[in-house]
Amino acid sequence: MEFHVYESARAACEAAGVLLAAQITRKGDSVLGLATGSTPIPAYEMLVQWYERGVIDFDRIRTFNLDEYVGIDHKNPLSYHAFMQEHLFGKVNLRAENVHLPSGRSAMAGAAYDEKIRSAGGIDIQLLGIGRNGHIGFNEPAEEFTYGTHIVTLAKDTIEANARFFRSADEVPRQAISMGIGNIMAAKCVVLVATGENKAEAVYNTIRGPITPHVPASILQLHPCCVILADREASRLMRE
Ligand code: GLP
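Analysis parameters
- Residues numbered from 1 in each chain as written.
- Predicted model: local features only at pLDDT ≥ 70, side-chain atom pairs only at ≥ 80, totals over all residues.
- Heavy atoms only, no water.
- Helix = DSSP H or I, 4+ residues; strand = E, 2+ residues; numbered from the N terminus.
- Buried < 20%, exposed > 50% of the residue type's maximum accessible area, 1.4 Å probe, protein only.
- Areas by Shrake-Rupley, 256 points an atom, 1.4 Å probe, with all protein chains shown as cover.
- Lys, Arg positive; Asp, Glu negative; His and termini not counted.
- Charge placed at Lys NZ, Arg CZ, Asp CG, Glu CD.
- Near = heavy atom within 4 Å.
- Polar contact = N/O pair within 3.5 Å; in protein donor to acceptor, adjacent residues only side chain to side chain.
- Nonpolar A, V, L, I, M, F, W, Y, C, P; charged D, E, K, R; others polar.
- Disulfide = S-S within 2.5 Å.
- Pairing = 2+ DSSP bridges.
- Axes fitted to C-alpha atoms, helices over the stretch in contact; angles between N-to-C directions.
- Core = buried A, V, L, I, M, F, W, Y, C linked by side-chain atoms within 4.5 Å.
- Contact = heavy atoms within 4.5 Å.
- Parallel < 35°, antiparallel > 145°, perpendicular 65-115°, else oblique.
- Arc of directions from axis to C-beta.
- Right-handed = clockwise from strand over helix to strand, strands pointing away.

Asker: Can you lay out the overall build of the chain for me, pointing to particular residues and giving the numbers?
Answerer: For the chain, the count of helices and strands is seven helices and ten strands. Structurally, the chain occupies a C-alpha span of about 45 × 40 × 35 Å along its principal axes. Across the 240 residues that make up the chain, the buried fraction comes to 56%. Carbon together with sulfur atoms contributes 52% to the accessible area of the chain, which is approximately 10,900 Å² in total. Charged side chains of the chain number 23 positive and 28 negative; the gap between the two group centres comes to 3 Å.

Asker: Let's hear about the site of the ligand: which residues, and what values?
Answerer: Surveying the vicinity of the ligand reveals 13 residues, the closest of which are S38, T39, D67, R164 and K199. In the model, a nitrogen atom of the ligand is placed 3.2 Å from a nitrogen or oxygen of the G137 main chain. Contact with the protein chains covers 94% of the free accessible surface of the ligand, which is 390 Å². In terms of residue class, the shell around the ligand is made up of three nonpolar, seven polar and three charged.

Asker: How would you sum up the state of the cysteines? Please name residues and give values.
Answerer: One covalent bond between the sulfur atoms of two cysteine residues makes up a disulfide. Taken as a whole and judged by the stated rule, the model has one disulfide. A disulfide bridge connects C189 with C225, and the sulfur atoms are separated by 2.4 Å. Measuring the twist about the S-S bond at about -50°, one finds the C189-C225 disulfide to be left-handed. On the criterion of sequence distance, the pair formed by C189 in strand β9 (residues 189–194) and C225 in the loop between α7 (200–208) and β10 (226–231) is long-range, its members being 36 residues apart. With no disulfide of its own, C13 lies 16 Å from the sulfur of C226, the closest cysteine sulfur. You can call C13 buried: its relative accessible area is 4%. Residue C226 stays outside any disulfide, its sulfur separated by 7.7 Å from that of C189, the closest cysteine.

Asker: Outline the sheet that holds strand β4 (residues 67–69), listing residues and values.
Answerer: Taken in spatial order, the three strands line up as β4-β8-β7 in an open sheet, and their pairing is antiparallel. The sheet is open, and its two borders are formed by β4 and β7 (150–153), each paired with just one other strand. Across this sheet, the average inter-strand angle for adjacent strands is 25°, counted without regard to direction. Note that β4 and strand β8 (residues 175–178) share three bridges and pair antiparallel. Among the inter-strand pairings, E68 is bridged to a residue of β8, identified as I177.

Asker: Any details on the nonpolar core? Residues and values, ideally.
Answerer: Among the nonpolar cores identified, the biggest contains 74 residues, and L47, F58, L88, L192 and L220 are the most heavily contacted of them. If sequence neighbours within four positions are ignored, L220 has contacts with M1, L128, I136, I184, M185, V190, L192 and C226.

Asker: Outline the packing of helix α2 (residues 41–52) against helix α3 (residues 80–89), supporting the account with residue identities and numerical values.
Answerer: Describing two packed helices takes the angle between their axes plus the distance from one axis to the other. Between α2 and α3, whose axes approach to 9 Å, the crossing angle comes to 45°. The angle between α2 and α3 places the two elements in the oblique class. Every residue of α3 that contacts α2 at I41, Y44, L47 and V48 is listed here: F83, M84, H87 and L88. Classifying every residue of the contact of α2 with α3 by side-chain character gives seven nonpolar, one polar and no charged.

Asker: How would you sum up α7? Please name residues and give values.
Answerer: Residues of α7 that are buried include every one of A200, A202, V203, T206 and I207, and no others. Around the axis of α7, the buried residues are gathered within 165° of arc, so they sit on the same side.

Asker: I'd like a description of the pairing of β9, backed by residues and values.
Answerer: For β9, the buried fraction is high: six of the six residues fall into the buried class. Residues C189, V191 and V193 of β9 are buried on one face, and the alternating residues V190, L192 and A194, pointing to the opposite face, are buried as well. The sheet contact formed by strand β6 (residues 125–128) and β9 spans four bridges and is parallel. Its bridge partner lying in β9, L127 is registered against V191. As paired strands, β9 and β10 are joined by five bridges and run parallel to one another. Opposite A194, over in β10, you have A230 as the bridge partner. Crossover connection from β9 via α7 to parallel β10: handedness right-handed.

Set out below in structure tokens:
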């Protein structure tokens, strides 16, 4: 596991943009695993800027997002579909047929999504944020690690954390569909970005704690190519 600390949250997130841009530069038909949440926004801003300046090209890039709420229409501005459209898809030359997000509309949806990832050749680089409780994607703390894309019931802590995007916690969907830990571990390289004091415990438990499904991100200790980028606040407990 590589661990890099930055002076600001913005710098940590932009560094993730650098790694994604490098992947796109080296392999024009790369498969990117993408994440939502507020953390990756500066990384997407950097990618858009480099695209506009002609530094990177998305013409042959394929993308697979980690997760989506269940029960929210894709056109709803709070859906992850809308988030990706706003921050990346609508601003670069990604082809519509190369962009994928899971959808919880049918029971088979998860297996079909896994098959699409497999037939694309697997994910070259997977971008991740982290939940305050150590979740990645929407893989909540549990008794076991999950394998493929599946429907999840959101943890109380996640509903509270994500309530800031909705009018109230009552409006946050109770379910989501998420790539499993197996999908994330199968990515050739993983880049996790953590910023802010409220991620400090999750960062410490991910890197220094035991590998346990109670801290889903801790499994990344076993990943052969995992880079963790954090700001000073999120890495506070690592210095003690
Ligand atoms: C959501 C997403 C995660 C994300 C997490 C943290 O629960 N499903 O992929 O990592 O939020 O979000 P933020 O970056 O806004 O703290």
